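Here is how the chains run, residue by residue.
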Amino acid sequence: MPPIGSEGLVLGAQGPTPRDCRRGCKFFSLTETPEDYTLMVDEEGFKELPPSEFLQVAEATWLVLNVSSHSGAAVQAAGVTKIARSVIAPLAEHHVSVLMLSTYQTDFILVREQDLSVVIHTLAQEFDIYREVGGEPVPVARDDSSNGFPRAQHGPSPTVHPIQSPENRFCVLTLDPETLPAIATTLIDVLFYSHSPPKEAASGGPGSSSITFFAFSLIEGYISIVMDAETQKKFPSDLLLTSSSGELWRMVRIGGQPLGFDECGIVAQIAGPLAAADISAYYISTFNFDHALVPEDGIGSVIKVLQHRQEGLGS
């Protein structure tokens, strides 16, 4: 999505979940986890989805928020910690449930369409807000009146979900869309046929072994891929691009049981403490669990920070 001003928030309408990325589909994300596959597609892609007993679809239609800067260059995202205080925390305070999808280029916040008015009222003071209409950004009209606007209320403290950190070392990559056909066969094999556990897995204690995780997105012509370091060896090294530092990432997996879509503050309870500690994160929500990737050399600090979440939530 195009950058709008120096502090812009762009809302793009998307559909529930599923299908392939055809010509009319501009927002496609597929994430494989040990439990299932999570797909996020826009309305055009969802319309092509035939009924199937094997698909579970989120009931709500979601809107995508994209915080845009003045720069139009496609650079690697610094992570959701950039917007933890300005976007994620305020939405959690107003009981807006969010999903996160970080890509190599940017970070997307998904909110339910039914929460749109609350989102606009919550964020309009800090951001210029635009809605994408026919591919073009249109300023969203602001209602200065607060009549009927649901104020933030002090409800029960959010659940502090358990975390685990698998042993995998992950890569965050991008790819020139024109070279996608060259890796298509490998991509399909990794996603749907090759399920052997990574060889680098260490036989650690509970919650520390490696897990299956692979994320692929094609959004507005930009490709983003997350895979573990062992899986990357299956792909041509000259086609996959990463940052000049080539740093590896470790994962923090949130949730001891499926999280659902109604609970608020799940992303905030992870992104907030990491932002306070100035730790970058790359965040991907799936149908059942959330996943935060952090720089490998900082995983020890991250675990310590998140182990003190209860204190922060209670303050």
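Presented here is a report on the structure given in the accompanying data block. Chains are numbered independently. Their residues run from 1 in the order of the written sequence. Note on the predicted model: pLDDT of at least 70 is required for a residue's local features to be given, and 80 or more for side-chain atom pairs to be given and counted; whole-chain, interface and lining totals, by contrast, use all residues. In computing side-chain properties, one takes all heavy atoms of the structure into account and sets aside hydrogens as well as water.

1. Description of a nonpolar patch on the surface
Taken together, the side chains of Tyr37, Ile188, Phe192 and Tyr193 make up a nonpolar region of the molecular surface, amounting to roughly 430 Å² of accessible area. Along the chain, Tyr37 turns up in strand β3 (residues 37-41). Only residues whose relative accessible area exceeds 30% and that form no salt bridge are eligible for patches; like-charged ones are grouped when within 9 Å, while nonpolar side chains (Val, Leu, Ile, Met, Phe, Trp, Tyr) are grouped when within 5 Å. Per-residue and other accessible areas follow the Shrake-Rupley method at a 1.4 Å probe size, with only the shown protein chains counted as cover for residues. Between Lys or Arg on one side and Asp or Glu on the other, a salt bridge is scored when a side-chain nitrogen of the former is within 4 Å of a carboxyl oxygen of the latter. Secondary structure elements follow DSSP: runs of H or I no shorter than four residues count as helices, runs of E no shorter than two count as strands, and numbering proceeds from the N terminus.

2. Let's talk about the nonpolar core
Formed by 40 residues in total, the largest nonpolar core has its most connected members in Val87, Leu91, Ile109, Val111, Leu123, Leu274 and Tyr283. Among the elements that line this core, the one with the most residues is helix α6 (residues 266-276), at six residues. Only heavy atoms matter for contacts: two residues are in contact if any of them lie within 4.5 Å across the pair. In contact with Ile109, not counting residues within four places along its chain, are Leu63, Val64, Leu65, Val67, Ile83, Val87, Val98, Leu99 and Met100. Nonpolar cores were defined as sets of buried Ala, Val, Leu, Ile, Met, Phe, Trp, Tyr and Cys residues, with membership established by side-chain atoms within 4.5 Å. Only protein chains enter the accessibility calculation, which uses a 1.4 Å probe. A residue is then buried if its area is under 20% of the maximum for its type, exposed if over 50%, and partly exposed in between.

3. A few points about the side chain of Gln105
Residue position: Gln105 is located in the loop between β5 (98-102) and β6 (107-112). For Gln105, a relative accessible area of 18% puts it in the buried group. At a separation of 3.4 Å, a polar atom in the side chain of Gln105 contacts the main-chain carbonyl oxygen of Ile223. By the criterion applied in these results, polar contacts are pairs of N or O atoms within 3.5 Å in which, for protein atoms, one can donate a hydrogen and the other can accept it, and in which residues neighboring in sequence qualify only through two side-chain atoms.

4. Here's the deal with the pattern of salt bridges
This structure, assessed with the given rule, holds six salt bridges. Ionic pairing is found between Glu44 and Lys47, a salt bridge with its closest N-O pair at 3.5 Å. Residue Glu44 and its partner Lys47 are both found in helix α1 (residues 43-47); the two are separated by three residues, about one turn of the helix. Residue Glu44 is classed as partly exposed on the basis of its relative accessible area, which comes to 39%. Through salt bridges with shared partners, a single network forms among Arg112, Asp115 and Asp262.

5. Observations regarding unusual backbone geometry
Positive phi outside glycine occurs at His95, with the angle close to 60°. On the secondary structure map, His95 appears in the loop between α2 (84-93) and β5. For Asp278, which is not glycine, the phi torsion reads 60° and is therefore positive. By the element assignment, Asp278 lies in the loop between α6 and β15 (282-285). Residue Asp278 is classed as exposed on the basis of its relative accessible area of 71%.

6. Focus: empty space enclosed by the protein
Definitions used throughout: a 1 Å grid over protein atoms alone; a cavity as a set of points that fits a 1.4 Å probe which cannot get out; a pocket as an open set with protein on both sides within 12 Å along at least five of seven lines; a lining residue as one with an atom within 4 Å of a point. Grid points are joined across faces, edges and corners, and a volume is the space filled by probe spheres set on the points. If you walk through the whole model with that rule in mind, you get four cavities of 30 Å³ or more. For the largest cavity, the calculated volume is near 100 Å³. Along the wall of the largest cavity there are 16 residues; nearest its centre are Val98, Leu99, Gly260, Ile266 and Asp290. Within the residue set of the lining of the largest cavity, elements represented by two or more residues are β5 and α6. Under the grouping applied here, Gly and all other residues not named as nonpolar or charged are polar, the nonpolar ones being Ala, Val, Leu, Ile, Met, Phe, Trp, Tyr, Cys and Pro and the charged ones Asp, Glu, Lys and Arg. Looking at the lining of the largest cavity residue by residue, the class counts come to nine nonpolar, five polar and two charged.

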